[in-house]
Amino acid sequence: QAKSDGRGTYRIFQNEMNVRLQERLQLEVDLRQALQRSEFELFYQPIVNIESKQIVTFEALLRWHHPQKGTIPPTTFIPLAEETGLIVPIGDWVLQQACRDAASWPQDVRVAVNLSSVQFRRGALELSVTRALAAAGLHGSRLELEITESILLHDEEITRDILNRLRVLGVHIAIDDFGTGYSALSYLRSFPLDKIKIDRSFVQDLSRETSAAAIVRAISELGQALDMTIVAEGVETAEQLRILGDQRCTQAQGYFIAYPQPAAQLIRVIEELKAVA
Ligand code: C2E
Ligand code: MG
Ligand code: MG
Ligand code: MG
């Protein structure tokens, strides 16, 4: 009795595994065709200077419009794209599209592009960036690249080399999701970095926890000492924005300021934010 129950459970488990495996394989097949079928779109979310309220950057956030499943968020398909290596051609498309879009924006607004560690290891990143800038006629100083702490911890020499060469082009380098990784402060000195983006988990705790505010203050002071810009991500309330300003954080991004939106909406976003500034 117990034995057959066990087998039954196993069979159900196996069916579930098969279904999930098949779904994943299907998604992979779809992902391989997504580029040529033009199913990707870049949304943009503004990052503002807290004091002047001016838009300083638009961050490009990738969306996949799947023909059956609707719009799939990057947290679902980026890991798959990384495992399969598809992130390299997809990442190249993102760089090219982002630079093209940015070429039509006001000169003092930059575009930020998220990079995967796989693009450092498997792609010819420097060439991709140079080509994207040239094709769009965009100066390197209008591009920011967002990387995560984990990129700095692996392939340290190669990464430093690539970042240094990108910086010669005028490109700015930002550390994304700061505080969630194995934050070793030493890398802030040993890599050419321009910007720290404080992870939204700290921002969320700002009103309830005084330690979160102390951490933001400490990172802001660190940024000032190291000549780096400090951005808070995930700002959802007026109170969070006020506390961030009090703690001398320089820039902010989040739903309270604006949601990520298609490129065609950005003129309106610029006008709306100008009106409240
Ligand atoms: P990220 O770079 O940290 O981007 C910020 C994420 O937080 C975005 O999610 C954004 O929509 C969301 N967000 C913005 N403001 C708020 C807020 O006030 N509250 C909350 N709860 N969330 C907010 P999204 O667009 O789903 O992207 C998720 C992640 O996917 C990104 O995190 C980034 O790591 C990755 N990603 C997005 N686009 C690309 C891409 O083109 N290439 C690569 N390699 N990764 C990308
Ligand atoms: Mg980012
Ligand atoms: Mg982030
Ligand atoms: Mg994040």
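Residues numbered from 1 in each chain as written. Chains lettered and ligands numbered in written order. Predicted model: local features only at pLDDT ≥ 70, side-chain atom pairs only at ≥ 80, totals over all residues. Heavy atoms only, no water.

- Taking an unreviewed UniProt entry as the reference, the chain is identified by name as EAL domain-containing protein belonging to Bradyrhizobium guangzhouense.

1. With respect to the coordination of the magnesium ion (ligand 3)
Right, on to step 1. Bound to the magnesium ion (ligand 3) are the protein donor atoms Asp176 (OD), Asp177 (OD), Glu233 (OE) and Glu233 (OE), situated 2.0 to 2.8 Å from the metal.
Right, on to step 2. Counting residues between consecutive donors of the magnesium ion (ligand 3) along the chain gives the motif D-D-x55-E.
Right, on to step 3. Separating the magnesium ion (ligand 3) from the magnesium ion (ligand 2) is a gap of 3.7 Å, which Asp176 spans by donating to each of them. One end of the pair, Asp176, is in strand E6 (residues 172–178); the other, Glu233, is in the loop between strand E8 (229–232) and helix H11 (238–246), and 57 residues separate them in sequence. (Donors = N, O, S within 2.8 Å, 3.2 Å for Na, K, Ca; no water. Helix = DSSP H or I, 4+ residues; strand = E, 2+ residues; numbered from the N terminus.)

2. Considerations on the site of ligand 1
Right, on to step 1. The environment of ligand 1 is formed by 23 residues, the closest being Arg63, Asn114, Asp176, Glu236 and Tyr255.
Right, on to step 2. Asp176 is positioned with one of its side-chain polar atoms (N or O) 2.8 Å from an oxygen atom of ligand 1.
Right, on to step 3. When atom positions are compared with the pocket grids, ligand 1 is found to occupy the largest pocket.
Right, on to step 4. Secondary-structure elements contributing two or more residues to the shell around ligand 1 are strand E2 (55–66), helix H2 (74–84) and E6.
Right, on to step 5. Tallying contributions element by element places E2 first for the shell around ligand 1, with 4 residues.
Right, on to step 6. Across the shell around ligand 1, the residue classes break down as 9 nonpolar, 6 polar and 8 charged. (Near = heavy atom within 4 Å. Polar contact = N/O pair within 3.5 Å; in protein donor to acceptor, adjacent residues only side chain to side chain. 1 Å grid on protein atoms, 1.4 Å probe; cavity = no way out; pocket = protein on both sides within 12 Å on 5 of 7 lines; lining within 4 Å. Sits in = over half its atoms within 2 Å of the grid points. Nonpolar A, V, L, I, M, F, W, Y, C, P; charged D, E, K, R; others polar.)

3. Section: the side chain of Glu39
Right, on to step 1. Along the chain, Glu39 falls in the loop between helix H1 (2–34) and strand E1 (40–49).
Right, on to step 2. Buried charge without a partner: Glu39 forms no salt bridge, and the closest opposite charge is Arg37, 4.4 Å away.
Right, on to step 3. If we ignore the near neighbours within four places in the chain, the residues touching Glu39 are Ala34, Arg63, Trp64, His65 and Pro67. (Buried < 20%, exposed > 50% of the residue type's maximum accessible area, 1.4 Å probe, protein only. Lys, Arg positive; Asp, Glu negative; His and termini not counted. Salt bridge = Lys/Arg side-chain N within 4 Å of Asp/Glu carboxyl O. Contact = heavy atoms within 4.5 Å.)

4. Some remarks on the nonpolar core
Generally speaking, a soluble globular protein has its nonpolar side chains buried in company with each other.
Right, on to step 1. Core analysis: the biggest nonpolar cluster contains 79 residues, and Leu143 and Leu145 have the highest contact counts within it.
Right, on to step 2. Each residue touching Leu143, except ones within four places of it in the same chain, is listed here: Leu95, Cys99, Val111, Val113, Val129, Leu133, Val171 and His172. (Core = buried A, V, L, I, M, F, W, Y, C linked by side-chain atoms within 4.5 Å.)

5. Some points on empty space enclosed by the protein
Right, on to step 1. All told, the structure shown has 1 cavity of 30 Å³ or more when counted by the stated rule.
Right, on to step 2. Taken as a whole, the largest cavity encloses approximately 40 Å³ of empty space.
Right, on to step 3. Val88, Asp92, Leu95, Gln119, Gly123, Ala124, Leu125 and Ser128 are the residues that line the largest cavity.
Right, on to step 4. Broken down by secondary-structure element, the contributors of at least two residues to the lining of the largest cavity are helix H3 (87–102) and helix H5 (125–136).
Right, on to step 5. No other element matches the 3 residues that H3 contributes to the lining of the largest cavity.
Right, on to step 6. Considered class by class, the residues forming the lining of the largest cavity number 4 nonpolar, 3 polar and 1 charged. (Points joined across faces, edges and corners; volume = space filled by probe spheres on them.)

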